[in-house]
Amino acid sequence: MAVAAPSQEQSAYALLQQNATGVRDDELSVLASGQRADPSVALSDRATRALDEFNVLLNQLQARGTDVAELRSELEKLQVAYLDRISWQPPVNAVLFIPWPVISLRTLIAIGVYPAGSSARDKWIQARLSK
């Protein structure tokens, strides 16, 4: 950006700083704290605003006749990386572990309520009631 438009160098650096700050504070901190059940939690207004302003800056450069194809390619990489970060989910969701205690508790209750013991009659009653 500094080579393509030296007059926009400070703006470009400020936008890069804004993007990096948004990624660090808004996205990665949420990821580190394990709050990623919902991708919308990880949205970063700062990062999205910076990417949008980069696009505006590139449009201005293109309007002046500057070739911005390579810069657009780099911006697209930043946008794809942003979308990848906010859509990341942990490989195993904690919600999947909730049924296991419930199933275990129900099994223990069933064993406690229907103790078969060694009696054939009790085993027969337990078998009939379990169907």
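Residues numbered from 1 in each chain as written. Predicted model: local features only at pLDDT ≥ 70, side-chain atom pairs only at ≥ 80, totals over all residues. Heavy atoms only, no water.

Asker: Explanation requested: the overall build of the chain in the structure shown.
Answerer: When helices and strands are tallied, the chain shows 5 helices and 0 strands. Starting at the N terminus, the α and β elements of the chain follow one another as α-α-α-α-α. Evaluated residue by residue, the chain yields a buried proportion of 21% over its 131 residues. Long-range contacts, defined here as pairs at least 24 residues apart, represent 60% of the contacts in the chain between residues at least 6 apart. (Helix = DSSP H or I, 4+ residues; strand = E, 2+ residues; numbered from the N terminus. Buried < 20%, exposed > 50% of the residue type's maximum accessible area, 1.4 Å probe, protein only. Contact = heavy atoms within 4.5 Å.)

Asker: What is the right way to look at the side chain of glutamine 18 in this model?
Answerer: Structurally, glutamine 18 can be placed in helix H1 (residues 9–32). Side-chain polar atoms of glutamine 18 contact the backbone oxygen of arginine 46, separated by 3.2 Å. (Polar contact = N/O pair within 3.5 Å; in protein donor to acceptor, adjacent residues only side chain to side chain.)

Asker: Explanation requested: the pattern of salt bridges in the structure shown.
Answerer: Pairing is possible between side chains of opposite charge, provided their charged atoms come close. Throughout the structure, instances matching the rule amount to 3 salt bridges. In this structure, aspartate 25 engages arginine 24 in a salt bridge whose closest nitrogen and oxygen atoms are separated by 2.8 Å. Using a relative accessible area of 31% as the deciding quantity, one classes aspartate 25 as partly exposed. Here aspartate 25 ties to arginine 46 by a salt bridge, and the two come within 3.8 Å at their closest N and O atoms. Taken as a pair, aspartate 25 in helix H1 and arginine 46 in helix H2 (residues 45–63) lie far apart in primary sequence, 21 residues in all. On the accessibility criterion, arginine 46 (28% relative accessible area) is partly exposed. By sharing partners, the salt bridges in this structure join Arg24, Asp25 and Arg46 into a single network. (Salt bridge = Lys/Arg side-chain N within 4 Å of Asp/Glu carboxyl O.)

Asker: I tried to follow a nonpolar patch on the surface on my own but got confused; where do I start?
Answerer: A grouping of Tyr13, Leu16 and Leu78 is seen on the molecular surface, where their side chains present a nonpolar patch of about 260 Å² in accessible area. Among the secondary structure elements, leucine 16 is positioned in helix H1. (Patch = residues over 30% accessible without salt bridge, like charges linked within 9 Å, V, L, I, M, F, W, Y side chains within 5 Å. Areas by Shrake-Rupley, 256 points an atom, 1.4 Å probe, with all protein chains shown as cover.)

Asker: Which parts of the structure should I look at to understand the packing of H2 against helix H3 (residues 69–87)?
Answerer: Helix packing for two helices is described by the angle between their axes and how far apart those axes are. One can describe the packing of H2 onto H3 by two numbers: an axis separation of 11 Å at closest approach and a directional angle of 165 degrees. Our classification of the angle between H2 and H3 gives roughly antiparallel. H3 is crossed by H2, and the crossing has left-handed handedness. Counting all contacts with H2, which are made through Ala47, Thr48, Leu51, Phe54, Asn55, Leu58, Asn59, Leu61 and Gln62, the residues of H3 involved are Leu71, Arg72, Leu75, Leu78, Gln79 and Tyr82. Of the residues assigned to the contact of H2 with H3, the class counts are 9 nonpolar, 5 polar and 1 charged. (Axes fitted to C-alpha atoms, helices over the stretch in contact; angles between N-to-C directions. Parallel < 35°, antiparallel > 145°, perpendicular 65-115°, else oblique. Left-handed = near helix turned anticlockwise from the far one by under 90°. Nonpolar A, V, L, I, M, F, W, Y, C, P; charged D, E, K, R; others polar.)

Asker: Can you walk me through the side chain of threonine 21 in this structure?
Answerer: Relative to the helices and strands, threonine 21 is located in helix H1. Exposure remark for threonine 21: the relative accessible area of 16% places this residue in the buried category. Excluding its chain neighbours within four sequence positions, the residues that come into contact with threonine 21 are Asp26 and Arg46.

Asker: What is the right way to look at the nonpolar core in this model?
Answerer: Within the largest apolar cluster, 13 residues are counted, with the highest numbers of intra-cluster contacts made by Leu15, Phe54, Leu58, Leu75 and Tyr82. Among the elements of the structure, H1, H2 and H3 are those that each provide at least two residues to this core. The leading source of residues in this core is H2, at 7 residues. Residues in contact with leucine 75, not counting those within four places in the same chain, are Leu51, Phe54, Asn55 and Leu58. (Core = buried A, V, L, I, M, F, W, Y, C linked by side-chain atoms within 4.5 Å.)

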